[in-house]
Amino acid sequence: GESVGLHLPTLSVQEGDNSIINCAYSNSASDYFIWYKQESGKGPQFIIDIRSNMDKRQGQRVTVLLNKTVKHLSLQIAATQPGDSAVYFCTPVSGGYNKLIFGAGTRLAVHP
Amino acid sequence: GAGVSQSPSNKVTEKGKDVELRCDPISGHTALYWYRQSLGQGLEFLIYFQGNSAPDKSGLPSDRFSAERTGGSVSTLTIQRTQQEDSAVYLCASSLVLRQGDSPLHFGNGTRLTVT
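Presented here is an overview of the structure given in this document. What you see as residue numbers is a count from 1 along each chain, following the sequence as written. All chains are assigned letters beginning with A, and all ligands numbers beginning with 1, in the order in which they are written. Local features in this predicted model are restricted to residues whose pLDDT is 70 or higher, and side-chain atom pairs enter the listing and the counts only when it is 80 or higher, whereas totals over whole chains, interfaces and linings include all residues. To get the side-chain values, take all heavy atoms of the structure and skip hydrogens and water.

1. A few points about the overall build of chain A
Along its length, chain A carries 0 helices and 10 strands. Secondary structure elements of chain A occur, N-terminal to C-terminal, as β-β-β-β-β-β-β-β-β-β. Note on contacts: a residue pair qualifies if any of its non-hydrogen atoms lie within 4.5 Å across the two residues. Residue pairs at least 24 apart in sequence account for 54% of intrachain contacts in chain A once pairs closer than 6 positions are excluded. What sets the accessible areas is the Shrake-Rupley method with a 1.4 Å probe; for residues, cover comes only from the shown protein chains. On chain A, roughly 5300 Å² of surface is accessible, and the fraction owed to carbon and sulfur atoms is 47%. Segments assigned H or I by DSSP are reported as helices when at least four residues long, segments assigned E as strands when at least two residues long, and all are numbered from the N terminus.

If you want it as C-alpha cells, here you go:
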C-alpha cells in the first residue's frame, strides 16, 4: 500500500525565515497531492494542492514543488510567522480515491 | 460560513460503555469521512460515505465500530463496549464531491474520546 514519509519530524525556524517541509511518497500512481496544516486542537486545514502534470504551484506565501522522478514533494513557506506553527501533512491521492493517507506529519515550530 | 461541526467536543466514558459521536457536514457536501488520530500520530482512515452509502468500511478497527449517515447529511460513529485503546481524537470531514481532485476535505475540530 501507499506509504508516506517525512524527512524531518520536527522543524524549528526563526520567525521571518523561510521553511521547507519535505515529503516522500511510494505510490508512483499518485497523481494529486494535498498539503494540510493542523494547529493544536483543530482539524487539518487545506493549504495547497498540486496535480502530477505540474512541478510547481504557488499560493500566498506557500509554494509546493513536485518531483515525480524521485517521488518527492516539498512545501515552502516564505517569511514564516508564529501562526504557521502547526503539524503539516502531505497526502498523495491516486485515481481520485478518497482514502487519503496521512503520514505522521512534520511539526513546524516558529521561534520569535 | 458554517464549517463541519462535531459533537461532543470532548467525551469521557468508562470502559465497556457505548458512545456515539456526531458529525454535521457542510451543507451540500455529498461525501463524508471519519478519521481517528491518536496522540502525536497521523490520521487513520476509518470510513467514508458517498451520500448515505459507505462503499469502504475496511478502515473500521473492529466490529465494535459502526457508522451511519442519514438524509445525506448528519453522520454518527458508534463505538460499542469501549476499550482504552479507543481513546483518540475522532475527526470528521466532508467534501463537495467524492473525487479528491475536485474538492479537498474540510475537517471538523474533532471529538476527543477518553476511555477510563
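2. As for the sheet that holds strand E1 (residues 5-7) of chain B
Residues and elements named next belong to chain B. Pairing within the open sheet is antiparallel, and its 4 strands lie in the order E1-E3-E8-E7. Two strands bound the open sheet, and with one partner strand each, they are E1 and strand E7 (65-69). For this sheet, the mean inter-axis angle between neighbouring strands, taken without regard to orientation, is 15°. A strand pair is defined by DSSP finding two or more bridges across the two strands. Where E7 lies against strand E8 (residues 75-79), 5 bridges are found, and the strand directions are antiparallel. Bridging across to E8, Glu68 finds its partner in Thr76. Angles here are taken between N-to-C directions and fall from 0 to 180 degrees, while the axes themselves are lines fitted to C-alpha atoms, restricted in helices to the stretch in contact.

3. Topic: the pattern of salt bridges
All names here are of chain B. Each salt bridge in this description consists of a side-chain nitrogen of Lys or Arg and a carboxyl oxygen of Asp or Glu lying within 4 Å of one another. In the structure shown here, the tally under the stated rule is 6 salt bridges over all chains. Two residues, Asp24 and Arg22, come together in a salt bridge whose shortest N-O distance is 2.8 Å. The exposure class assigned to Asp24 is partly exposed, which follows from its relative accessible area of 23%. In this structure Arg22 comes out as partly exposed when scored by relative accessible area, which is 37%. For every residue, the accessible area (1.4 Å probe, protein chains only) is compared with the maximum for its type, and the residue is labelled buried under 20%, exposed over 50%, or partly exposed between those bounds.

4. Thoughts on the pairing of E8(B)
Residue and element names in this part refer to chain B. Counting buried positions over the 5 residues of E8 gives 5, a clear majority of the element. Bridge count for strand E3 (residues 19-24) against E8 is 5 bridges, and the pairing is antiparallel. From the neighbouring strand, Val19 faces E8, where its bridge partner is Ile79. Linking E7 back to E8 in an antiparallel pair, the connection comprises 5 residues, with Gly71 at a positive phi of about 65°.

5. With respect to the layout of surface pockets
The distinction between a cavity and a pocket rests on a 1 Å grid over the protein atoms alone: a 1.4 Å probe fits inside a cavity but cannot get out, while a pocket stays open yet meets protein on both sides within 12 Å along at least five of seven lines, and a residue with an atom within 4 Å of a point counts as lining. Grid points are joined across faces, edges and corners, and a volume is the space filled by probe spheres set on the points. When its volume is computed, the largest pocket comes out at roughly 610 Å³. What lines the largest pocket is a set of 30 residues, and nearest its centre among them are Gln38(A), Gln37(B), Leu39(B), Gly40(B) and Arg112(B). At the level of elements, strand E9 (86-93) and strand E10 (106-111) of chain A together with strand E9 (88-95) and strand E11 (111-115) of chain B are the ones that each hand at least two residues to the lining of the largest pocket. Broken down by element, the residue count for the lining of the largest pocket peaks at 4 residues, all from E11(B). Of the residues contributing to the lining of the largest pocket, the split by class is 10 nonpolar, 16 polar and 4 charged. Residues are sorted three ways: Asp, Glu, Lys and Arg are charged, Ala, Val, Leu, Ile, Met, Phe, Trp, Tyr, Cys and Pro are nonpolar, and all the rest, Gly among them, are polar.

6. As for the nonpolar core
As used here, the term nonpolar core means buried Ala, Val, Leu, Ile, Met, Phe, Trp, Tyr and Cys residues forming a set that is joined through side-chain atoms within 4.5 Å. In this structure, Trp34(B), Leu46(B), Ile47(B), Phe49(B), Leu77(B) and Tyr90(B) are the most contacted members of the largest nonpolar core, which totals 21 residues. The residues touching Phe49(B), leaving out its near neighbours within four places in the chain, are Thr30(B), Ala31(B), Leu32(B), Trp34(B), Ala54(B), Ala67(B), Glu68(B), Arg69(B) and Ser75(B). If you look at the next biggest cluster of nonpolar residues, it comprises 20 residues, including Tyr25(A), Trp35(A), Ile50(A) and Leu108(A).

7. Description of the sheet that holds strand E5 (residues 45-51) of chain A
Residue and element names in this part refer to chain A. Taken in spatial order, the 5 strands line up as E2-E10-E9-E4-E5 in an open sheet, and their pairing is mixed. In this open sheet, the two strands that pair with only one neighbour each are strand E2 (10-14) and E5. In this sheet, adjacent strand axes meet at a mean angle of 25° when their direction is disregarded. Two elements, strand E4 (residues 32-38) and E5, share 6 bridges in a ladder whose sense is antiparallel. Bridge pairing in E5 places Ile34 opposite Asp49.

8. A look at the state of the cysteines
Two cysteine sulfur atoms make up a disulfide if the distance between them is within 2.5 Å. If you walk through the whole model with that rule in mind, you get 2 disulfides over all chains. Paired by a disulfide, Cys23(A) and Cys90(A) hold their sulfur atoms 1.6 Å apart. With Cys23(A) in strand E3 (residues 19-25) and Cys90(A) in strand E9, the pair connects residues that are 67 residues apart, well separated along the chain. Accessibility assignment for this pair places Cys23(A) and Cys90(A) in one class, buried. Bridging Cys23(B) to Cys92(B), the disulfide has an S-S length of 1.9 Å. One quick way to see it: the torsion about the S-S bond of Cys23(B) and Cys92(B) is about -65°, and its sign makes the bridge left-handed. In this pair, Cys23(B) sits in strand E3 while Cys92(B) sits in strand E9, placing the two residues 69 residues apart along the sequence.

Keep in mind that these numbers describe shape and distance, not what the molecule does.
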